[in-house]
Amino acid sequence: MGIGFVILIAVLALALGLVVGFFLARNSMKNYLAKNPPISEEMMKSMMMSMGQKPSQKKLNQMMAQMKQQSAQSQKK
């Protein structure tokens, strides 16, 4: 029973480590993406210019605010 008990403890510790590691990594990625959004204002401006639109600062601010609101909404779920 000694070797079986050691194997059982090892498997349980591995499973617990995987679960805890997953949630810690998920939480840290959420925080990182909240602080450093993947699309910046400059990227948005260049996208709009490539689509043939003349981006005004007001429109850029509206789109960035909309993206932040959408991001905050998805984090509440």
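Computed from a prediction, not measured in an experiment: that's the story for all the values here. Residue indices begin from 1 for each chain and proceed along its sequence in written order. Totals for whole chains, interfaces and linings use every residue, but because this is a predicted model, local features are given only for residues with pLDDT of at least 70 and side-chain atom pairs only at 80 or more, for both listing and counting. As a convention, hydrogens and water are excluded, and side-chain values are obtained from all of the structure's heavy atoms.

## Let's talk about the overall build of the protein chain
The test is simple: Every helix listed is a DSSP run of H or I at least four residues long, and every strand listed is a run of E at least two residues long, numbered separately from the N terminus. With C-alpha atoms as the basis for the radius of gyration, the globule rule is written as 2.2 Å multiplied by the number of residues raised to the power 0.38. Relative accessible area decides the class of each residue, using a 1.4 Å probe on protein chains only: under 20% of the type maximum gives buried, over 50% gives exposed, and in between gives partly exposed. Exposure was quantified through the Shrake-Rupley algorithm and a 1.4 Å probe, taking into account, for residues, occlusion by the shown protein chains and nothing else.
Along the backbone of the protein chain there are three helices and zero strands. Each helix and strand of the protein chain, ordered N terminal to C terminal, gives the series α-α-α. Radius of gyration (C-alpha) of the protein chain: 22 Å, far over the 11 Å computed for a compact globule of 77 residues. Along the longest, intermediate and shortest principal axes, the C-alpha atoms of the protein chain span 75 × 25 × 15 Å. A burial count over the protein chain gives 6% of its 77 residues as buried. For the protein chain, the computed accessible surface area is about 6900 Å², with 67% contributed by carbon and sulfur atoms.

## Examining the packing of helix α2 (residues 41-50) against helix α3 (residues 57-76)
Here is the rule we go by: Angles shown run from 0 to 180 degrees and are taken between the N-to-C directions of axes, each axis being a line fitted to C-alpha atoms and, for helices, limited to the stretch in contact. Here the word oblique covers every angle except those under 35 degrees (roughly parallel), over 145 (roughly antiparallel) and from 65 to 115 (roughly perpendicular). Less than a right angle of anticlockwise turn of the near helix away from the far helix marks a crossing as left-handed, whereas a clockwise turn marks it as right-handed. The contact criterion used is simple: two residues touch if any of their non-hydrogen atoms lie within 4.5 Å.
At a minimum axis distance of 10 Å, the contact between α2 and α3 shows a crossing angle of 120°. On the basis of their axis angle, the class for α2 and α3 is oblique. Of the two elements, α2 crosses α3, and the hand of that crossing is right-handed. Within the contact between the two elements, α2 uses Glu-41, Met-44, Lys-45 and Met-48 and α3 uses Gln-57, Lys-59, Leu-60, Asn-61, Met-63, Met-64 and Met-67.

## A short note on the environment of Asn-36
Here Asn-36 is to be found in the loop between α1 (2-35) and α2. Counting along the chain gives eleven residues from Asn-36 to Ala-25, while the straight-line C-alpha distance between them is 16 Å.

## Digging into the packing of aromatic side chains
Our working definition: Put simply, two rings from Phe, Tyr or Trp (the six-membered ring, in Trp's case) pair if the centres are within 6.5 Å, and we call them stacked under 30 degrees between planes, edge-to-face over 60, tilted for the rest.
Scanning the entire structure with this criterion turns up one aromatic pair. Ring plane angle 75° and centroid distance 5.2 Å describe the contact between Phe-22 and Phe-23, whose orientation is recorded as edge-to-face.

## Considering the environment of Gln-70
Among the structural elements, Gln-70 can be located in helix α3. Separated by 15 residues in the primary sequence, Gln-70 and Pro-55 place their C-alpha atoms 21 Å from one another.

## Comments concerning a nonpolar patch on the surface
What counts here: Patches in this entry comprise residues that are over 30% relatively accessible and not in a salt bridge; like charges within 9 Å are linked, as are nonpolar side chains (Val, Leu, Ile, Met, Phe, Trp, Tyr) within 5 Å. For this document, the term salt bridge refers to a Lys or Arg side-chain nitrogen within 4 Å of an Asp or Glu carboxyl oxygen.
Together, Met-1, Phe-5, Leu-8, Ile-9 and Leu-12 make up a nonpolar patch on the protein surface, roughly 590 Å² of accessible area in all. By secondary structure assignment, the location of Phe-5 is in helix α1.

## Considering the confidence of the model for the protein chain
Spelled out, the test is: Residue-level confidence of the predictor is what pLDDT reports, using numbers from 0 through 100.
Across the protein chain, pLDDT averages 89, with 99% of residues at or above 70. Mean pLDDT across the elements of the protein chain ranges from a minimum in α3, with 84, to a maximum in α1, with 94.

## Quick notes on the environment of Ala-72
Looking at where Ala-72 falls in the secondary structure, it is placed in helix α3. Classification of Ala-72 by relative accessible area gives partly exposed; the value is 38%. Along the primary structure Ala-72 and Ala-34 are separated by 38 residues, whereas in three dimensions their C-alpha atoms are 8.6 Å apart.

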